[in-house]
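Per-entry structural report
Chain residues, written in single-letter form:
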Amino acid sequence: MKDYSKQTAAVQSGVKRSQFGELSEALYLTQCFAYDTAEDAERRFKEPREDEFVYSRYGSPTVAMFEERIAAIEGAESAFSTASGMAAVSGALMSLLKAGDHIVSARALFGSCHFVVDTILADFGVEVTFVNGSDIEEWKSAVRENTKVLFFESIANPTLEIVDIEAVVGVAKSVGAHVVVDNAFATPVYSKAIEQGVDIVCYSATKHIDGQGRAMGGVILGSHDLIEGPVKTFMRHTGGCMSAFNAWVMLKSLETLELRVSRQTENALKLAREIEKRGYDVIYPGLESHPQYDLCMSQHGAGGTIFSLRLEDKETAFAFLNKLEIFSISNNLGDAKSIATHPATTTHQRMTEEQRLAAGITPGLLRMSVGIEAADDLLADVLNALG
Ligand SMILES: *Cc1c(COP(=O)(O)O)cnc(C)c1O
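Let us look at the structure shown here. Remember, predicted model here, so these are calculated numbers, not experimental data.

A few words on the packing of aromatic side chains. Evaluation of the coordinates by the stated rule reveals 4 aromatic pairs. Stacked on the ring of Phe110, the Lys or Arg Lys207 has its end atom at 4.9 Å from the ring centre. Sitting above the plane of the Phe115 ring, Arg350 keeps its charged end 4.5 Å from the centroid.

Put into structure tokens, the structure is as follows:
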């Protein structure tokens with residue numbers, strides 16, 4: 001399936017049809033598998049063939065369908081799906097790092113990603129350096145001989161700063177480090193990360209991949225060697241696997257991912273343009289006013305489904321949120337329903353005020369995840385709330 005376009009792969013790849021010939025992919029709810037003979041059990045544990053499973057913490061048919069389909073969309077050789085986006089990010093990092101190693105990470109990160117790097121990895125003896133992700137000179141001067149991983153969000157949450165993937169890959173190559181990218185905001189639709197030289201791409205499937213606010217999930221994608229090697233070794237024994245039911249939800253959601261995300265992106269661009277025209281401080285990498293517009297277009301081809309709005313202060317931001325009628329106040333993103341978030345008091349509350357300001361999260365910053373509703377209705381809602 002590797003040669004088909006993303007759109008075809010999203011619908012056709014990874015199908016494992018049973019003897020019944022079902023058209024829609026089956027949900028296999030099973031923890032274990034039964035073997036014809038003791039010899040067969042022994043062989044399967046020793047050297048499982050393709051589409052042979054032994055235990056669902058390691059892999060199972062519906063989960064494998066999801067993994068094969070998303071790998072085909074992403075253009076990756078292999079994938080392991082996880083219980084959540086954070087299981088994917090923490091699993092990818094933990095599988096590549098050990099005590100005494102050094103990681104360089106962009107500072108502008110999703111709150112839990114920041115906690116994993118800043119606190120958990122540090123507690124396990126990993127040396128951590130944070131840099132301004134959009135300043136390539138900072139990456140260059142931060143790497144050392146023991147640097148094993150460079151980590152960033154290609155489009156940062158919630159400040160929408162773009163990291164130059166190919167430039168960071170170049171820095172990583174100079175010290176033999178791996179590049180791990182959290183691509184949640186870029187989505188598989190606007191990702192060319194593997195082509196651009198990234199070693200491991202992580203997604204929170206909870207976001208655009210489900211896209212309808214139902215199930216948690218994540219996925220780690222990369223080369224056969226990395227995924228079948230350190231990543232699966234770590235994930236299979238630590239247990240952060242995706243459930244079969246969630247894999248089935250995610251698998252079917254991949255079929256409509258591109259339709260939803262491209263409509264959401266069209267809506268986001270329209271809203272960002274109209275709101276900016278009225279003199280508000282709008283951050284959206286798909287706007288020509290965004291300092292990294294050219295990089296965003298060459299790297300992703302579109303600005304994505306989320307824009308941020310910088311209002312004066314917390315009071316103004318709260319008043320705006322409380323006046324919204326279509327946008328829900330929530331902390332998810334990438335959903336078919338439009339969602340508004342106040343990062344400083346929710347998703348990024350754990351950070352200190354100082355860390356938040358360093359990451360550009362001012363008290364009046366709002367993150368607007370644009371859904372698939374009619375753009376005109378959404379615009380009217382936002383303009384009304386802005387008063
Ligand atoms: C939501 C999110 C995560 C975490 O995903 P979960 O599925 O909630 O664990 C990680 N990174 C980014 C950029 C996110 O937006």
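So, about the sheet that holds strand β3 (residues 127-131). Pairing is mixed in the open sheet, where 7 strands are placed in the order β1-β7-β6-β5-β4-β2-β3. The two strands at the open ends of the sheet, each matched to only one other strand, are β1 (78-82) and β3. For this sheet, the mean angle separating the axes of adjacent strands, direction not counted, is 20°. Taken together, the 5 bridges between β1 and strand β7 (residues 218-222) define a ladder with antiparallel strand orientation. Across the sheet, the residue bridging to Ser78 is Gly222, located in β7. Packed onto the sheet, helix α4 (residues 85-96) meets β1, β2 (102-106), β4 (147-153), β5 (178-182), β6 (200-204) and β7 and runs at close to 155° relative to β6. Contacting β4 and β5, helix α7 (residues 165-175) crosses the sheet at an angle of about 170° to β4.

Here we take up the packing of helix α3 (residues 61-74) against helix α9 (residues 244-277). Between α3 and α9, whose axes approach to 8 Å, the crossing angle comes to 35°. You can see that α3 and α9 cross each other, and the crossing is left-handed. Side by side, α3 and α9 meet where Thr62, Val63, Met65, Phe66, Arg69, Ile70 and Ile73 of the first sit next to Ala244, Ala247, Trp248, Met250, Leu251, Leu254 and Glu255 of the second. Grouping the amino acids of the contact of α3 with α9 by side-chain chemistry returns 11 nonpolar, 1 polar and 2 charged.

Below, the discussion takes up a nonpolar patch on the surface. On the surface, Leu27, Leu29 and Phe245 cluster together to form a nonpolar patch covering roughly 300 Å² of accessible area. With respect to the helices, strands and loops of the structure, Leu27 is situated in the loop between α1 (6-12) and α2 (38-46). Look at Leu27 and you get partly exposed, because its relative accessible area is 32%.

Cut-offs and rules
- Residues numbered from 1 in each chain as written.
- Predicted model: local features only at pLDDT ≥ 70, side-chain atom pairs only at ≥ 80, totals over all residues.
- Heavy atoms only, no water.
- Phe/Tyr/Trp six-rings, centres within 6.5 Å; stacked < 30°, edge-to-face > 60°.
- Lys NZ or Arg CZ within 6 Å of the ring centre and 35° of its normal.
- Pairing = 2+ DSSP bridges.
- Helix = DSSP H or I, 4+ residues; strand = E, 2+ residues; numbered from the N terminus.
- Axes fitted to C-alpha atoms, helices over the stretch in contact; angles between N-to-C directions.
- Contact = heavy atoms within 4.5 Å.
- Left-handed = near helix turned anticlockwise from the far one by under 90°.
- Nonpolar A, V, L, I, M, F, W, Y, C, P; charged D, E, K, R; others polar.
- Patch = residues over 30% accessible without salt bridge, like charges linked within 9 Å, V, L, I, M, F, W, Y side chains within 5 Å.
- Areas by Shrake-Rupley, 256 points an atom, 1.4 Å probe, with all protein chains shown as cover.
- Salt bridge = Lys/Arg side-chain N within 4 Å of Asp/Glu carboxyl O.
- Buried < 20%, exposed > 50% of the residue type's maximum accessible area, 1.4 Å probe, protein only.

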